[in-house]
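# Working through the structure, step by step
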Amino acid sequence: ETGVTQSPTHLIKTRGQQVTLRCSSQSGHNTVSWYQQALGQGPQFIFQYYREEENGRGNFPPRFSGLQFPNYSSELNVNALELDDSALYLCASTFRDRGAGELFFGEGSRLTVL
Amino acid sequence: DQQVKQNSPSLSVQEGRISILNCDYTNSMFDYFLWYKKYPAEGPTFLISISSIKDKNEDGRFTVFLNKSAKHLSLHIVPSQPGDSAVYFCAAGPGGTSYGKLTFGQGTILTVHP
């Protein structure tokens, strides 16, 4: 069983640029959630995708957007990067119809905005 | 507005003793609660969960207690081992179709000394 994989693991951008982060969900999972973890904080929910549609969003501006593909992989796009966007971005997958809500996380993509 | 709080940033325990990590929440709509463990450079790993209809759940050395009236949950690790040293996050989520939309606490750094 393949776990959740994310790419890239590290990247550096400058303010105003755009970034795309990628996630392959765990085999058999149909739901992907994205989280932002700032230094010293817990992960914060950005949004979730189920069956290629956004299924809930946290307190993040519209410049944070995403996609889910038919194979359940996903992308997180952030436009007009700001310094405060520097964080670890975590992707998590689950099989929604199973219940319990347990999420399986990838190792994350660490974004630094200069 | 922190709906899930872990008031102890760190905890130090001797090997073989009990570790007790605490978490408080404010949102009465939370339906299930989870604990995650995170090592550096890795994504969070699921440990144990409990639904709001229970007050206790055990899995080996790990036990989670839920006190709904106090809006408080705790994780007990007995006996503690050096390999348990990590950051522990509690998380809470609504039920139904909101799987994967978790609210996390800030984390508690557990150090288990040999």
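Here the structure is shown first, and the text comes after it.
Report on the accompanying structure. Because the structure is a prediction, the values reported are computed rather than measured.

## Considering the overall build of chain A
Within chain A, the secondary structure is distributed over zero helices and 11 strands. Listing every helix and strand of chain A by position from the N terminus yields β-β-β-β-β-β-β-β-β-β-β. Viewed in the frame of its principal axes, chain A has a C-alpha envelope of about 40 × 25 × 25 Å. Here chain A holds 114 residues, and the buried ones make up 51% of them. For chain A, long-range pairs separated by at least 24 residues make up 53% of all intrachain contacts whose partners lie at least 6 apart in sequence. As displayed, chain A has an accessible area near 5,500 Å², and 47% of this comes from carbon and sulfur atoms. Between the mean site of the 9 positive side-chain charges and the mean site of the 11 negative ones, chain A shows a separation of 4 Å.

## Looking at the sheet that holds strand S1 (residues 5–7) of chain A
Residue and element names in this part refer to chain A. Across the sheet, four strands lie side by side as S1-S3-S8-S7; this open sheet has antiparallel pairing. Both edges of this open sheet fall to S1 and strand S7 (64–68), since each of them pairs with a single strand only. When the angles between neighbouring strand axes are averaged without regard to direction, this sheet yields 20 degrees. One ladder, built from three bridges, connects S1 with strand S3 (residues 19–24); its direction is antiparallel.

## Describing the sheet that holds strand S1 (residues 4–5) of chain B
All names here are of chain B. Judged by pairing direction, the sheet is antiparallel, and its five strands sit side by side in the order S1-S3-S8-S7-S6 without closing on themselves. At either end of the open sheet lies a strand with only one pairing partner, and these are S1 and strand S6 (56–59). Bridge analysis of strand S3 (residues 19–25) against strand S8 (residues 72–77) gives six bridges, and the strand direction is antiparallel. The partner of Asp24 across the bridge, within S8, is His72.

## Side note on the environment of Arg110 of chain A
All names here are of chain A. Among the structural elements, Arg110 can be located in strand S11 (residues 109–113). Residue class for Arg110 comes out partly exposed when judged on its relative accessible area of 34%. Taking the C-alpha atoms as reference points, Arg110 and Gln37, 73 residues apart in sequence, are found 9.3 Å from one another. Among residues more than four places away in sequence, those in contact with Arg110 are Thr9, His10, Leu11, Ala87 and Leu88.

## Focus: the state of the cysteines
On inspection of all chains with the given rule, the structure shows two disulfides over all chains. Each sulfur of the disulfide joining Cys23 of chain A and Cys91 of chain A lies 1.8 Å from the other. Residues Cys23 of chain A and Cys91 of chain A are joined through a disulfide that is left-handed, its torsion about the S-S bond being -65 degrees. With Cys23 of chain A in strand S3 and Cys91 of chain A in strand S9 (residues 87–94), this pair connects stretches of sequence that are 68 residues apart. For the pair formed by Cys23 of chain A and Cys91 of chain A, the shared burial category is buried. One disulfide bridge connects Cys23 of chain B with Cys90 of chain B, the sulfur atoms lying 1.9 Å from each other. Taking the sign of the S-S torsion, about 60 degrees here, the bridge from Cys23 of chain B to Cys90 of chain B comes out right-handed.

So, how was this worked out
Residues numbered from 1 in each chain as written. Chains lettered and ligands numbered in written order. Predicted model: local features only at pLDDT ≥ 70, side-chain atom pairs only at ≥ 80, totals over all residues. Heavy atoms only, no water. Helix = DSSP H or I, 4+ residues; strand = E, 2+ residues; numbered from the N terminus. Buried < 20%, exposed > 50% of the residue type's maximum accessible area, 1.4 Å probe, protein only. Contact = heavy atoms within 4.5 Å. Areas by Shrake-Rupley, 256 points an atom, 1.4 Å probe, with all protein chains shown as cover. Lys, Arg positive; Asp, Glu negative; His and termini not counted. Charge placed at Lys NZ, Arg CZ, Asp CG, Glu CD. Pairing = 2+ DSSP bridges. Axes fitted to C-alpha atoms, helices over the stretch in contact; angles between N-to-C directions. Disulfide = S-S within 2.5 Å.

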